[in-house]
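Chains, contacts and geometry: an overview
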Amino acid sequence: MKTIVVIGTAWGDEGKGKITDFLASKADIVARFQGGNNAGHTVIVDGEYHLFQLLPSGVVNQKTTNLMTNGMVIDPKGLIEELDELKNPNLKLFISNRAHVVMPYHLAIEHANELRKGKDKLATTGHGIGPTYSDKANRIGLRMDAFVGPNFKEELTKIINLKNIEADKLGIPHFNVDEIYDEYKHYAQRLRPHVIDTSIYLNEQIEKGKKVLFEGAQGVMLCIENGTYPFVTSSSPTAAAVPLYTGIAPWLLEGAVGVVKAYATREGAGPMPTLITDEDINKHFHKTKVEYEPRTGTYRRVGWLDTVILRHAKRVSGLTYLAVTVLDILSGLDELKICISYTLDGKVIDYIPADTNEYRKVKPNFITLRGWSEDISQIKSYEELPENAKIYLEKIEKYTGVKIGLFSVGPAREQTIIVEDFF
Ligand code: IMP
């Protein structure tokens, strides 16, 4: 395959950054196609730790061209901070002229809205993602072309006049055009050289036969269309969204790699049927710090692997191969459970109820497998896995009907093992 997308199959934090980085070493182009700095993709190369919230995970590879396409919402301040930290003089980065810009009023409005909702808040990441996508749908958004163009101040003035009406309704202070402009004009100047029509560029490169990796953020269960609405993000992180969010024909995308964490986790609010309540088992997951969330300073909720969710992801997005991550973290657990269906009001079901209140009521049906005690973080091939770990992976393939293309046993690039070479 020459054009593939890497997507999260559940609620994000599946290890997409690492898988993208691994595959990006074989790609000519890495394109991030949705979301903004609500994401946090960790990449560790040669012992060096990188956390990207906006930049495509291919930026650590010297030969890769990186794209931020029209489906993204981009906070210029955050992006410049990431660029400064990266210090890569050879970086090739193009930003879509159609991507929307996250502005300070988006953050303030989101904060006020979350406060207003009280206990019903969505527990968003607080980066202004929802308000920026809302403005896009309302046709009052600021796009990159206007941001870096000569009429930025006029555009901003028009938008801020509208935003101040919203500020009055929310009871928050007015936004000041001059203050925002004086700060943001410097960011615009800095980003201007990177802004192009990324759709034209992508189509040309695909026609030339270049290998393109599309990088999703979040996961299918956080999809605005197919996720656990309203506890979702404001974009679609599915393979189906790639053509729309990048400006290519659907048939130019050849496959989707679904990143599956070896167990389930969920950040933020919303139902999670396979949640683990046993304190000892939770302690096992917490002692590694893998589930510590630096964005919020808390541990994510942990649950058993849920194959109803994986089949949902396959149905609504399409999955060609799976990439299973953090398998090493399961070492040391006596028993492992895999959810194979739900029971809702006494009936066994194999779908995600659209109604969140119904979804809260489902009970998971598990199979139980024997665990393994060996440390597997240094293994180099599938054959070296303990027998019970192989059985665990076989069950994932069985219950999804999708082949595992690779799996990982630790955070470093070298701890990724290819089962089938597909890119
Ligand atoms: P928003 O994307 O900031 O609007 O947040 C909406 C919901 O999606 C919240 O529950 C967040 O915790 C969740 N979310 C957004 N981005 C990510 C991510 O990259 N990983 C995990 N959860 C996320």
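These remarks concern the structure in this document. Source: prediction; values computed, not measured.

We now examine the layout of surface pockets. By volume, the second largest pocket is sized at about 240 Å³. Every residue lining the second largest pocket is listed: Glu-48, Tyr-49, His-50, Leu-51, Phe-52, Gln-53, Gly-78, Glu-81, Glu-82, Glu-85 and Leu-86. Sorting the residues of the lining of the second largest pocket by element identifies strand E4 (48-52) and helix H2 (76-86) as the ones contributing at least two each. Its residues assigned to classes, the lining of the second largest pocket comprises 4 nonpolar, 3 polar and 4 charged.

With that settled, the discussion passes to the nonpolar core. Of all hydrophobic cores here, the largest spans 55 residues; its most connected members are Val-5, Phe-214, Leu-327, Leu-330, Tyr-392, Ile-396 and Phe-407. Per-element accounting of this core gives the leading share, 5 residues, to helix H13 (residues 387-400). Leaving out residues up to four positions away in the same chain, Leu-327 has contacts with Ala-262, Trp-372, Ile-376, Leu-385, Tyr-392, Leu-393, Phe-407 and Ser-408.

Our focus in this paragraph is the sheet that holds strand E9 (residues 195-196). Spatially, 10 strands are ordered E9-E7-E5-E2-E10-E1-E11-E17-E21-E22 in an open sheet, and the strand pairing comes out mixed. The open sheet has two edge strands with one neighbour each: E9 and strand E22 (416-418). Inspection of the sheet shows strand E1 (residues 3-8) paired to strand E10 (residues 212-215) by 4 bridges, in the parallel sense. What sits directly across from Val-5, in E10, is Phe-214. Relative to the sheet, helix H8 (residues 198-207) contacts E1, strand E2 (29-32), strand E5 (65-68), strand E7 (92-96), E9 and E10, its axis offset from that of E5 by approximately 140 degrees.

Here we come to the pattern of salt bridges. Taken as a whole and assessed by the stated rule, the structure comprises 22 salt bridges. With a shortest N-O distance of 3.1 Å, Asp-197 and Arg-98 are connected by a salt bridge. Linking Asp-197 in the loop between E9 and H8 with Arg-98 in the loop between E7 and strand E8 (100-101), this pair joins segments that are 99 residues apart in sequence. The shortest N-O distance in the salt bridge between Glu-291 and Lys-261 comes to 3.0 Å. Note that Glu-291 is positioned in the loop between helix H10 (279-286) and strand E13 (292-293) and Lys-261 in strand E11 (residues 255-261), a separation of 30 residues in sequence. Summarising the burial analysis for this pair, Glu-291 and Lys-261 share the class buried. Three or more residues joined by partner-sharing salt bridges are found here, namely Asp-13, Lys-261, Glu-291, Glu-293 and Arg-300.

Before going further, it helps to spend a moment on H13. Owing to its 3.6 residues per turn, the α-helix aligns residues three or four sequence positions apart on the same side. In this model, H13 (14 residues) spans 20 Å end to end at C-alpha, consistent with the 20 Å of a helix rising 1.5 Å per residue. Along H13, the residues classified as buried are Ala-389, Lys-390, Tyr-392, Leu-393, Ile-396, Tyr-399 and Thr-400. On its buried side, H13 packs onto strand E16 (305-306), helix H11 (307-317), strand E17 (321-325), strand E18 (335-344), strand E20 (363-370) and strand E21 (403-408). One or two positions beyond H13, positive phi appears at Gly-401, with a value near 70 degrees.

Thresholds, definitions, all that
Residues numbered from 1 in each chain as written. Predicted model: local features only at pLDDT ≥ 70, side-chain atom pairs only at ≥ 80, totals over all residues. Heavy atoms only, no water. 1 Å grid on protein atoms, 1.4 Å probe; cavity = no way out; pocket = protein on both sides within 12 Å on 5 of 7 lines; lining within 4 Å. Points joined across faces, edges and corners; volume = space filled by probe spheres on them. Helix = DSSP H or I, 4+ residues; strand = E, 2+ residues; numbered from the N terminus. Nonpolar A, V, L, I, M, F, W, Y, C, P; charged D, E, K, R; others polar. Core = buried A, V, L, I, M, F, W, Y, C linked by side-chain atoms within 4.5 Å. Buried < 20%, exposed > 50% of the residue type's maximum accessible area, 1.4 Å probe, protein only. Contact = heavy atoms within 4.5 Å. Pairing = 2+ DSSP bridges. Axes fitted to C-alpha atoms, helices over the stretch in contact; angles between N-to-C directions. Salt bridge = Lys/Arg side-chain N within 4 Å of Asp/Glu carboxyl O. Expected span 1.5 Å × (residues − 1).

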